[in-house]
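Below are the chains, spelled out letter by letter.
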Amino acid sequence: YHQSLAMIGWLVSQRGERGIAELVARLDAHPPGTPRDPAAILAEVAGRPFDGEVLLAYLASRRPGR
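Novice: What am I meant to see in the overall build of the protein chain here?
Specialist: For the protein chain, the helix and strand inventory stands at 4 helices and 0 strands. Listed by position from the N terminus, the elements making up the protein chain come as α-α-α-α. Judged by the C-alpha coordinates and their principal axes, the protein chain covers about 45 × 20 × 20 Å. In the protein chain, which comprises 66 residues, the proportion classed as buried is 23%. A separation threshold of at least 6 residues defines the contact pool for the protein chain, and within that pool the share at least 24 residues apart is 53%. With the model as given, the accessible surface of the protein chain reaches about 4,700 Å², and the carbon-plus-sulfur share is 57%. The positive charge centre, built from 8 side chains, and the negative charge centre, built from 7, are 7 Å apart in the protein chain.

Here it is as structure tokens:
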């Protein structure tokens, strides 16, 4: 749950709340039964690279006192 929440938080930080609707639309358009790479889909929607390092940097930037 926490990782998923952080991924959505990162997407909103990049695209605003419209990023959620864009992500849902992208997922709806994805052919059923084919593998979905969450990091690749987030990168496509955000228009920039996304991986574990990006997520950790995002989380670090949100720590209190930073």
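Resuming the write-up.
Novice: Before we go on, may I ask you to explain the packing of aromatic side chains in this structure?
Specialist: Evaluated as defined, the whole model comprises 1 aromatic pair. Centroid distance Trp10 to Phe50: 4.5 Å. Interplanar angle 50°. Geometry classified as tilted. With Trp10 in helix α1 (residues 2-15) and Phe50 in the loop between α3 (38-46) and α4 (52-61), this pair connects stretches of sequence that are 40 residues apart. No difference in accessibility class separates Trp10 from Phe50, as the two residues are buried.

Novice: What is the right way to read the environment of Leu59 from this model?
Specialist: In this fold, Leu59 is placed in helix α4. Take Leu59: its relative accessible area is 37%, and that puts it in the partly exposed class. Expressed as a C-alpha distance, the spacing of Leu59 and Asp37, which sit 22 residues apart in the sequence, is 21 Å.

Novice: Please explain a nonpolar patch on the surface as it appears in this structure.
Specialist: Taken together, the side chains of Ile8, Ile20 and Val24 define a hydrophobic patch exposed on the protein surface, amounting to about 210 Å² of accessible area. One can find Ile8 in helix α1. With a relative accessible area of 30%, Ile8 lands in the partly exposed category.

Novice: Would you mind going over the packing of α1 against α4 with me for this structure?
Specialist: Describing two packed helices takes the angle between their axes plus the distance from one axis to the other. Where α1 contacts α4, the two axes come as close as 10 Å, and the packing angle between them is 80°. When the interaxial angle is binned, α1 and α4 end up roughly perpendicular. Contacts between α1 and α4 involve Gln3, Ala6, Met7, Gly9, Trp10 and Ser13 from the former and Val54, Leu55, Tyr58 and Leu59 from the latter. Tallied by class, the residues present in the contact of α1 with α4 amount to 7 nonpolar, 3 polar and no charged.

Parameters at a glance
- Residues numbered from 1 in each chain as written.
- Predicted model: local features only at pLDDT ≥ 70, side-chain atom pairs only at ≥ 80, totals over all residues.
- Heavy atoms only, no water.
- Helix = DSSP H or I, 4+ residues; strand = E, 2+ residues; numbered from the N terminus.
- Buried < 20%, exposed > 50% of the residue type's maximum accessible area, 1.4 Å probe, protein only.
- Contact = heavy atoms within 4.5 Å.
- Areas by Shrake-Rupley, 256 points an atom, 1.4 Å probe, with all protein chains shown as cover.
- Lys, Arg positive; Asp, Glu negative; His and termini not counted.
- Charge placed at Lys NZ, Arg CZ, Asp CG, Glu CD.
- Phe/Tyr/Trp six-rings, centres within 6.5 Å; stacked < 30°, edge-to-face > 60°.
- Patch = residues over 30% accessible without salt bridge, like charges linked within 9 Å, V, L, I, M, F, W, Y side chains within 5 Å.
- Salt bridge = Lys/Arg side-chain N within 4 Å of Asp/Glu carboxyl O.
- Axes fitted to C-alpha atoms, helices over the stretch in contact; angles between N-to-C directions.
- Parallel < 35°, antiparallel > 145°, perpendicular 65-115°, else oblique.
- Nonpolar A, V, L, I, M, F, W, Y, C, P; charged D, E, K, R; others polar.

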